[in-house]
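Residue-level structure breakdown
Here is how the chains run, residue by residue.
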There are 2 protein chains.
Amino acid sequence: MLGQVNNEGRLDPKERHEIGTRVRRPLFMRCLYRASIKKRIKHTAHLGSPQTQRVISNDDAATMQQSFPMNGGDGPHSYRNNSHFQRQDINVSRTMIEEAIAKKLDVKCFSSNPFRLADLGCSVGPNTFIAMQHIVEAVERKYLAQGLKSEMPEFQVFFNDHVGNDFNTLFASLPTERRYFACGVPGSFHGRLFPESSIHFMFSSHALHWLSKVPEELLDKNSPAWNRGRIHYTSGPEEVSHAYAAQFEHDMEIFLSARAKELVVGGMIVFLIPALPNGIPASQNPYCVMFDLLGASLMDMAKEGLISEAQVDSFNLPIHVASPEQMTEMVEKNECLTIERMELVDSRSKLVGPINGKECAMCLRAGLEGIFTQHFGSGIIDQLFDRLSKQIMESSHQLESGNKEGTLLFVVVRRK
Amino acid sequence: MLGQVNNEGRLDPKERHEIGTRVRRPLFMRCLYRASIKKRIKHTAHLGSPQTQRVISNDDAATMQQSFPMNGGDGPHSYRNNSHFQRQDINVSRTMIEEAIAKKLDVKCFSSNPFRLADLGCSVGPNTFIAMQHIVEAVERKYLAQGLKSEMPEFQVFFNDHVGNDFNTLFASLPTERRYFACGVPGSFHGRLFPESSIHFMFSSHALHWLSKVPEELLDKNSPAWNRGRIHYTSGPEEVSHAYAAQFEHDMEIFLSARAKELVVGGMIVFLIPALPNGIPASQNPYCVMFDLLGASLMDMAKEGLISEAQVDSFNLPIHVASPEQMTEMVEKNECLTIERMELVDSRSKLVGPINGKECAMCLRAGLEGIFTQHFGSGIIDQLFDRLSKQIMESSHQLESGNKEGTLLFVVVRRK
């Protein structure tokens, strides 16, 4: 396990040494450049359990993390009304989740009551309710299949997202017919959220691609990773990609370490994350292409004087699209976790008809409006996503060909 | 235990009989009138565990309960900025809570990790954060005093209130330096909120006096309990008081039954509830006097044509101020619970200076604005509480003399 934080909130010298050693053996794109980035970010590690750290400060303010929740409420631009692509992904993976529970979740090793599950990065629904319902039903079937009807547990579901998430909307739309006790858990999943060994099943859909923050190098004019004129690494130089990858690796290490502590032995994490096949450049991934289109729209608007180029230079989307290889290495690095299944899924192939630019733009807007508004102000939002809608249609061939490669990574991880 | 609900959501015939028997032996004001009320409300009992009921539908819509959360946000009329009287009560009772934990909470009988506590009816803070912090510290001291330093648990705090509570404000103001994992639990405490045997300590301050709904008789023109021209039972006929008392008794029975299921053996509930001494009429209790003043203001406004008398006739505050005797009988009726301490506290005596009408009116407004607005519209609110402020000053002698009797009931209950 990585860096326990001592009572004074500082890293123990021994732990510092261990982290240092690990930094000198970077994982999947070995280069000194990334090691230097990791050295700089290691002090934000936030893994201390309450026993050692006492203070549990997992809010964005406390951890210096950035938080841009999905659009709240129930309006025309809300995530609630513009998340059908994500819902499609959850539905496509339903059978795979049921299989994982049926074949790999050993409920006999759990104490019978209650069964606790968590959705990490749940946003405001309804997708999270659909997913939680599927999982509860699959676990119930597992108990029945194992002849444990008399030990059928009660279920408690923890809905987690950033403090800024619209929990009021989430709670107001909880299904009346639910079969579980519901809780909301505010805080970043890039840190501890639950007591040790207290959760049996964790789920996370379309959330883990968010970085805890923008890598600082991207904003440093003296760094080779300065990301001038772009908002993502899609068409940027290698140094920019490496800075993103290093931040993702750092975040995933913390995420997995925290989850390993919180899961009971035999517990399971299933996550769905936008991804690209091994060896495929970001420029062939539809998510990355759309981020690039957004960047291009912003640069067009800068040229028209609607915003300044400096504003574009100082903005970067904290989103990383991982590969199966990268994810495998991250999980395997954690000694308490083991991969039960990992598969690229082409969920978009289930969608009928050609790409709809407006629909894609609305879906992206529901997730990204907050972060763009904070940096550029709300005045440009309508125009930005109108432009994106048109650009998506113009790039539809590129986007559709990318889809065939599989854009969603389905991962089942078990706590050893 | 009272009425388990079967799979079809109906009361089991055996349970119906038991409830019927109990109804024929009413508790502390024996009269046939109240028995008839109880018969009418018994079918709303909501005690089924997921094993028997499967569907956990504890939202207000599902249970037909009424919900009027405290004023949310951070504005001048918010509960957050107008709850210092309640905070005073929490501070006054701090030593008593610490004593209860030190003397009566047997932490050795708990499995060590985590220690789960809940605040039922927490509103939006900061009072709940202060109370939870005190309790966590007192439990930590108890572990140390018992030589259990090495078994010091992690803490998980469940903040509960109605679905309509402003959880976004609550979560945004969680203390950064907290030593516990925080969760929000939406739903009425007049029903199940947590899995069986999952909570070690429960707290509830200034919440249990809220009834789950207005007794229906108060709105029935043909009933002797029709509460014409009043909004509370303070100066009403006996039938009105009895209808309130029966509803309170019904609600407390459900509350205590649910808590008995949710608490671990040896677990504890501490609650603070506005109360009046045994044998003292409501007209001598300052809370009840203020409700009466509000009713009188509304009738004045009706006479001035600002609202109609019919509007006043059809409105009643779902609030009951209990006596120690009444509370004792309610707890003793539950076979799983035992009273460890019950005491009337005169917390207002710690306040310096004479009654401040405006301050009292603001405090009451933060708690009651929602329910008045829903019935009368927002247009009358400023004027209603301005009038109340003046009337409080005119009745200050009556209010101050009432204070000396003790207006807050401190109760410690242990799960056998």
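Residues numbered from 1 in each chain as written. Chains lettered and ligands numbered in written order. Predicted model: local features only at pLDDT ≥ 70, side-chain atom pairs only at ≥ 80, totals over all residues. Heavy atoms only, no water.

Quick look at helix α10 (residues 286-303) of chain A
Since the α-helix packs 3.6 residues into each turn, any two residues three or four apart lie on the same face. Residues and elements named next belong to chain A. Rule in force here: Under the DSSP-based scheme used, a helix requires at least four consecutive residues in state H or I and a strand at least two consecutive residues in state E, with every element numbered from the N terminus. Expected span, for any helix, means 1.5 Å times one less than how many residues it has. Only protein chains enter the calculation, and the probe is 1.4 Å; a residue is then buried if its accessible area is under 20% of its type maximum, exposed if over 50%, and partly exposed in between. Think of a polar contact as two N or O atoms within 3.5 Å of one another; within protein, one of them needs to be a possible hydrogen donor and the other a possible acceptor, and neighboring residues in sequence only count if both atoms come from side chains.
The end-to-end C-alpha separation of α10 is 25 Å, in line with the 26 Å expected for 18 residues at 1.5 Å each. Summarising burial for α10: 14 of the 18 residues are buried, a large majority. Between a side-chain oxygen at the N-terminus of α10 and the backbone nitrogen of Tyr287 the separation is 2.8 Å; the capping residue is Asn285.

Brief notes about the packing of aromatic side chains
For any two aromatic rings, the description comes down to two numbers: the centre-to-centre distance and the angle of the planes. Using the following cut-off: Two rings from Phe, Tyr or Trp (for Trp, the six-membered ring) form a pair when their centres sit within 6.5 Å of each other. Planes less than 30 degrees apart are called stacked, planes more than 60 degrees apart edge-to-face, and all others tilted. When the NZ atom of lysine or the CZ atom of arginine is within 6 Å of a ring's centre and also within 35 degrees of its normal, the charge is said to sit over that ring.
Tallied over the full model, the rule gives 29 aromatic pairs over all chains. When the ring of Phe110 of chain A is compared with that of Phe115 of chain A, the centres are 5.9 Å apart and the planes differ by 65°; the resulting orientation is edge-to-face. On the basis of relative accessible area, Phe110 of chain A is assigned to the buried category, the value being 9%. For Phe115 of chain A, a relative accessible area of 1% translates into the label buried. Site record: aromatic cluster; members linked through ring pairs are Phe158 and Phe194 of chain A together with Phe158 and Phe194 of chain B. Just above the ring of Phe255 of chain A sits the side chain of Arg259 of chain A; from NZ or CZ to the centre is 4.8 Å.

Considerations on the pattern of salt bridges
Residue and element names in this part refer to chain A. What counts here: Whenever Lys or Arg places a side-chain nitrogen within 4 Å of a carboxyl oxygen from Asp or Glu, that contact is recorded as a salt bridge.
Summed over the entire model, instances satisfying the criterion amount to 34 salt bridges over all chains. Between Glu98 and Arg141 there is a salt bridge, with the nearest N and O atoms lying 3.3 Å from each other. Taken as a pair, Glu98 in helix α6 (residues 94-104) and Arg141 in helix α7 (residues 127-145) lie far apart in primary sequence, 43 residues in all. Of the charged contacts, one joins Glu340 and Lys104 as a salt bridge, the two residues approaching to 3.4 Å between their closest N and O atoms. Of this pair, Glu340 sits in strand β6 (residues 337-345) while Lys104 is found in helix α6, placing the two residues 236 residues apart along the sequence. With a relative accessible area of 22%, Glu340 lands in the partly exposed category. For Lys104, a relative accessible area of 38% corresponds to the partly exposed category. What emerges from the salt-bridge pattern is a single network uniting Arg94, Glu98, Glu137 and Arg141.

Structural notes on the pairing of strand β7 (residues 408-415) of chain A
Residue and element names in this part refer to chain A. Note the cut-off: One requirement defines pairing of two strands: DSSP has to find at least two bridges between them.
Taking burial as the measure, the eight residues of β7 include seven buried ones, the bulk of the element. The sheet contact formed by strand β5 (residues 263-274) and β7 spans seven bridges and is antiparallel. Considered in β7, the bridge of Leu272 is made with Phe410.

A short note on helix α7 (residues 127-145) of chain B
All names here are of chain B. Taking 1.5 Å of rise per residue, the 19 residues of α7 would be expected to cover 27 Å, and the 27 Å separating its terminal C-alpha atoms lies within 8% of that figure. Summarising burial for α7: 15 of the 19 residues are buried, a large majority. Remark: Gly147 follows α7 within two positions and exhibits a positive phi of approximately 70°.

Quick look at the environment of Ile231 of chain B
Residues and elements named next belong to chain B. Formally: Contacts are residue-level and defined by heavy atoms, with any inter-residue pair within 4.5 Å sufficient.
Looking at where Ile231 falls in the secondary structure, it is placed in the loop between β4 (199-205) and α9 (238-262). Ile231 sits in the buried class, given a relative accessible area of 1%. As for Ile231 and Asp292, which are separated by 61 residues in sequence, their C-alpha atoms are 7.2 Å apart. Other than its neighbours up to four places away in sequence, Ile231 contacts Tyr244, Phe291, Leu294, Gly295, Leu298, Val312, Phe315, Asn316, Leu317 and Phe372.

Considering the environment of Asp89 of chain A
Checked against the element boundaries, Asp89 of chain A lands in helix α5 (residues 84-92). Along the primary structure Asp89 of chain A and Ser205 of chain A are separated by 116 residues, whereas in three dimensions their C-alpha atoms are 8.6 Å apart.

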